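Summary of structural features
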Amino acid sequence: MHRQRAIIRTLGLATAVAFAATACGPQHPGSAPAAPSAPVGSPSASASGQDDKPGTASPSPSESSSPSASASASPSQSEAPAVKPVMANGDENDQVRELQARLRQLKLMSSAPTGFYGSKTTAAVKSFQSQHGLGATGAVDEATWQKIQGLSRKPTEEELRPPTTNEVAAPDPRCMQGRVMCISKESRTLAWMIDGKVVSSMDVRFGSENTPTREGLFQVEWKAKDWTSTIYHTPMPYSMFFSQGQAVHYSADFAARGYAGASHGCVNVRDKAKLSALFDQVKVGDKVVVYW
């Protein structure tokens, strides 16, 4: 982490100061300077909380078997296995979401439930099975599911669908007093805090290595519900400017591409409804803390 800070400060300081008040906008392939595939110091797009879900989920064995194939199979081939999985890699449903929430209660998963059973869920299930003397297959059979249910409680709606994909980081000490937008580069989250309590939270994205989002203690200098960058000509709805043109604002590009892109230094938010509510609450003069 210290090395990441050093890289950002060394490469980004001269470039970041040069941006004007309306300079923010999404970076696309071929633009100058080019953005990396994900924000500096953050996991790659494949670790964005989607449990390594491919573009098209692989069909389960039952889905991939065609009627003709089933008809031609011998009786021994069509017999059900001795231990039938309840859930397995490739499944996507609400039961998987519940499984992930329970595994998160048991500290075996850190990312929010997605409902897709991928490599992260498989690894967490294997770990659970190894801890409890069960066959470490990575698939949830009846015995594994009963054991998980017995050692966890029924998840709440907020646990099943938490406010952010990314887990909110422990707040910086500077966030513990007053009205603060507490923005963590490490967890890629914004927490709106009042007197040390989190009122709301949301996922955020930052600038690239060449156009980094500045770290430090700032305050909201001015707000604009409808704004367009005068340099990049991109919409910046619900802008809250805090540092020489860098602002917290909604990004349609972030909503569409996620962490496969980056801003030109602003703090992008992808949940428009949440940011609209936050925009109405934040006042000019409120604190902004950006930290690792």
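Look a little higher up for the structure.
Residues numbered from 1 in each chain as written. Predicted model: local features only at pLDDT ≥ 70, side-chain atom pairs only at ≥ 80, totals over all residues. Heavy atoms only, no water.

The next subject is the state of the cysteines. As enumerated under the stated definition, the model contains 1 disulfide in all. Bridging Cys 175 to Cys 182, the disulfide has an S-S length of 2.1 Å. Every disulfide takes its handedness from the sign of the S-S torsion; for Cys 175 and Cys 182 that torsion is 85 degrees, giving right-handed. Cys 182 shares its class with Cys 175; the two are buried. (Disulfide = S-S within 2.5 Å. Buried < 20%, exposed > 50% of the residue type's maximum accessible area, 1.4 Å probe, protein only.)

It is worth spelling out the side chain of Asp 172 at this point. Structurally, Asp 172 is set in the loop between helix H8 (157–160) and strand S1 (179–184). Of the polar contacts made by the side chain of Asp 172, one reaches the side chain of Arg 174; its length is 2.8 Å. If sequence neighbours within four positions are ignored, Asp 172 has contacts with Cys 182, Val 289 and Tyr 291. (Helix = DSSP H or I, 4+ residues; strand = E, 2+ residues; numbered from the N terminus. Polar contact = N/O pair within 3.5 Å; in protein donor to acceptor, adjacent residues only side chain to side chain. Contact = heavy atoms within 4.5 Å.)

Describing two packed helices takes the angle between their axes plus the distance from one axis to the other. One can describe the packing of helix H5 (residues 94–105) onto helix H7 (residues 142–150) by two numbers: an axis separation of 10 Å at closest approach and a directional angle of 50 degrees. With respect to their mutual orientation, H5 and H7 come out oblique. Considering the relative orientation of H5 and H7, their crossing is left-handed. Between H5 and H7, the contacting residues are Gln 95, Glu 98, Leu 99, Arg 102 and Leu 103 on the first element and Trp 145, Ile 148 and Gln 149 on the second. In the contact of H5 with H7, the residues fall into 4 nonpolar, 2 polar and 2 charged. (Axes fitted to C-alpha atoms, helices over the stretch in contact; angles between N-to-C directions. Parallel < 35°, antiparallel > 145°, perpendicular 65-115°, else oblique. Left-handed = near helix turned anticlockwise from the far one by under 90°. Nonpolar A, V, L, I, M, F, W, Y, C, P; charged D, E, K, R; others polar.)

Considering all chains together, one arrives at 6 aromatic pairs under this definition. Relative to Trp 227, the ring of Trp 222 has its centre 5.1 Å away and its plane inclined at 80 degrees; by these criteria the two rings are edge-to-face. Exposure remark for Trp 222: the relative accessible area of 30% places this residue in the partly exposed category. Accessibility expressed as a relative area gives 27% for Trp 227, which makes it partly exposed. Here the aromatic cluster, defined as three or more aromatic residues joined through ring pairs, consists of Trp 222, Trp 227 and Phe 241. Note that Arg 188 overlies the ring of Tyr 259, its terminal NZ or CZ placed 3.7 Å from the centroid. (Phe/Tyr/Trp six-rings, centres within 6.5 Å; stacked < 30°, edge-to-face > 60°. Lys NZ or Arg CZ within 6 Å of the ring centre and 35° of its normal.)

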